[in-house]
Amino acid sequence: MKFNPVDPRRLTVLKPGAPGSGPVLYWMSRDQRVSDNWALIHAQNEAVKKGRPLAVVFCLAPRFGEASRRHYDFMLGGLREVEERLRRFDIAFRLFTGDPVVTLPRELTKLDPALVVCDFDPLREKIRWRAAVTAALSCPVVEVDAHNIVPARIASPKKEYAAATFRPKLNRLLAEFLLPFPKLKKHPVPFTATPADRDTATLNAASAGPALTMAPGEKAAWKRLERFLKSGLARYGERNDPTADATSGLSPYLHFGQISAQAAALAIRDYPAPTAAVEAFLEQLIVRRELADNFCLYQPHYDSFDGIPAWAQKTLNDHRADKRLYRYTSTTWEQATTHDDLWNAAQRELIATGAMHGYLRMYWAKKLLEWSATPEEAIATAVYLNDRYALDGRDPNGYAGILWSIGGLHDRPWFVRPIFGAVRYMGGAAFRKKPGMRGHIKKWS
Ligand code: FO1
């Protein structure tokens, strides 16, 4: 059987280990999809080579950051589709529930795996999970970067200052990595170990959570992309207008890995649309997203004041004593009862739909800086609200976006003004003038 080896630069051996007598396992976590998934492709390659069964395992953690019911419903909806698609390839799916650092060592050791493949994720929670599972296993453990087009560990050996310093490094490697995916095959060796887990029933547990505003899963993700290509891409230039639905709406699918950024980029690159719009979208999809992973990979304080650039720490410290016209607490923020109707509308939209327009997000975060007692408090509130309510929260993109808005991350010094210092300021006047803005505010008031 012919197979295309995964580029070795995507792989990181977490443990050389000694192969067990059992199956090859892909511990799926960040990249929750069957198509276009380098970790799954690598796991199948290895299983075919060794003549072993192949199974995908997923550990459902009781809590993940501030994730709420809505996030779990979206994720479980996508995992149901994963299980169904894997069945077509004779690849088993096992869902376990519990704290991954306890459940996985116990459950995976039982299977005496020949190899465990896991996907790449720079967040500290995931680093902790991977370390605990790797330590507990005696078999080889290999991490595959299935999330980035250019693997994060290859794109740059250090924290990048801005998109401008990072983009040339990515572009030099894009030609070698922005390639079509090999197809998954029907797996030749059946998986006979442990019967279908009782926990898979968890997948089908009807959720009592709030109705989702967007359908989860790979199929829905591609439908969203196709709709964006047809109607949104050409107007992508208008994306700064929060009322023009010109953003792709792909970020929750990208966050849960239900669509591959690489596959989306290939589809967009070849789509007959204005070059400027295609370039602008690929900048967001490739450069900005991979810059966020680069940041979280090399900056452990990726969600706090200590993670912002030195110039921004200095300027915000110099203006720490500036008078704040308002000093809201997290309750006022969360209940969207500030004096600012534009901010309140953005927060209400976030709570109601789990999403907020990209450009309004900057305004939303920058006002948190202006009307909180300290920059630290502003960042903590932004992280809490985004992780709690945004469908694409708890993600490197979110942390980098918040520190860009409040702490000048990946940005440069601007004209100095109270409270912000040299951090870029954003007023509401420009927004309120936009056509449809009054309607948007009324809709969410
Ligand atoms: N990953 C898991 O492996 N198990 C989980 O139970 C899990 C829950 C979860 C809930 C909300 C959310 O936004 C992400 C969640 N993730 C979970 C992680 C997710 O797959 C991504 O890896 C990270 O959030 C992005 O880095």
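Right above here is the structure, for reference.
Remember, predicted model here, so these are calculated numbers, not experimental data.

Enquirer: Help me understand the site of the ligand, please; the structure alone is not making it clear to me.
Expert: Around the ligand lies a shell of 20 residues, among which Ser 29, Asp 121, Lys 126, His 255 and Arg 394 are the nearest. Ala 61 is positioned with one of its backbone polar atoms (N or O) 2.7 Å from an oxygen atom of the ligand. In the complex, 100% of the free accessible area of the ligand, which totals 520 Å², lies under the protein chains. Within the residue set of the shell around the ligand, elements represented by two or more residues are β3 (54-60), α2 (69-88) and α4 (124-136). Broken down by element, the shell around the ligand gets its largest block of residues, 3 residues, from β3. Residues of the shell around the ligand, tallied by class, amount to 12 nonpolar, 4 polar and 4 charged. Taken domain by domain, the makeup of the shell around the ligand includes at least three residues from each of domain 1 (1-147) and domain 3 (305-443).

Enquirer: I'm lost on helix α8 (residues 218-232) in this one. Help?
Expert: Along an α-helix, residues three or four apart share an orientation, since each turn contains 3.6 residues. Its 15 residues place the ends of α8 20 Å apart at the C-alpha level, agreeing with the 21 Å of an ideal helix rising 1.5 Å per residue. All of the buried residues along α8 are Glu 218, Ala 220, Ala 221, Leu 225, Phe 228, Leu 229 and Gly 232. Close packing links the buried residues of α8 with α2, α9 (251-255), α10 (261-269) and α11 (275-298).

Enquirer: When you look at the packing of helix α3 (residues 100-110) against α4 in this model, what are you seeing that I'm missing?
Expert: For any two helices packed against each other, the geometry comes down to the angle between their axes and how far apart the axes lie. Contact geometry of α3 with α4 gives a least axis separation of 9 Å together with a crossing angle of 30 degrees. Crossing geometry of α3 relative to α4 is assigned as right-handed. Seen from α3, the contacting residues are Pro 100, Val 101, Leu 104, Pro 105, Leu 108 and Thr 109; seen from α4, they are Arg 128, Trp 129, Ala 132, Val 133 and Ala 136.

Enquirer: Help me understand the sheet that holds strand β1 (residues 11-15), please; the structure alone is not making it clear to me.
Expert: Hydrogen bonds between backbone groups are what pair the strands of a sheet, and the pairing can be parallel or antiparallel. With respect to topology, 6 strands assemble into an open sheet ordered β1-β6-β5-β2-β3-β4, the strand pairing being mixed. Pairing within the sheet leaves two strands with one partner each, and these edge strands are β1 and β4 (92-97). Shown here is a sheet whose adjacent strand axes are inclined to one another by a mean of 25 degrees, direction ignored. Across 4 bridges, the pairing between strand β2 (residues 24-27) and strand β5 (residues 115-119) is parallel.

Cut-offs and rules
- Residues numbered from 1 in each chain as written.
- Predicted model: local features only at pLDDT ≥ 70, side-chain atom pairs only at ≥ 80, totals over all residues.
- Heavy atoms only, no water.
- Near = heavy atom within 4 Å.
- Polar contact = N/O pair within 3.5 Å; in protein donor to acceptor, adjacent residues only side chain to side chain.
- Areas by Shrake-Rupley, 256 points an atom, 1.4 Å probe, with all protein chains shown as cover.
- Helix = DSSP H or I, 4+ residues; strand = E, 2+ residues; numbered from the N terminus.
- Nonpolar A, V, L, I, M, F, W, Y, C, P; charged D, E, K, R; others polar.
- Domains from an automatic or database assignment.
- Expected span 1.5 Å × (residues − 1).
- Buried < 20%, exposed > 50% of the residue type's maximum accessible area, 1.4 Å probe, protein only.
- Contact = heavy atoms within 4.5 Å.
- Axes fitted to C-alpha atoms, helices over the stretch in contact; angles between N-to-C directions.
- Left-handed = near helix turned anticlockwise from the far one by under 90°.
- Pairing = 2+ DSSP bridges.

From the geometry alone we can't say anything about function, so treat these as descriptive.
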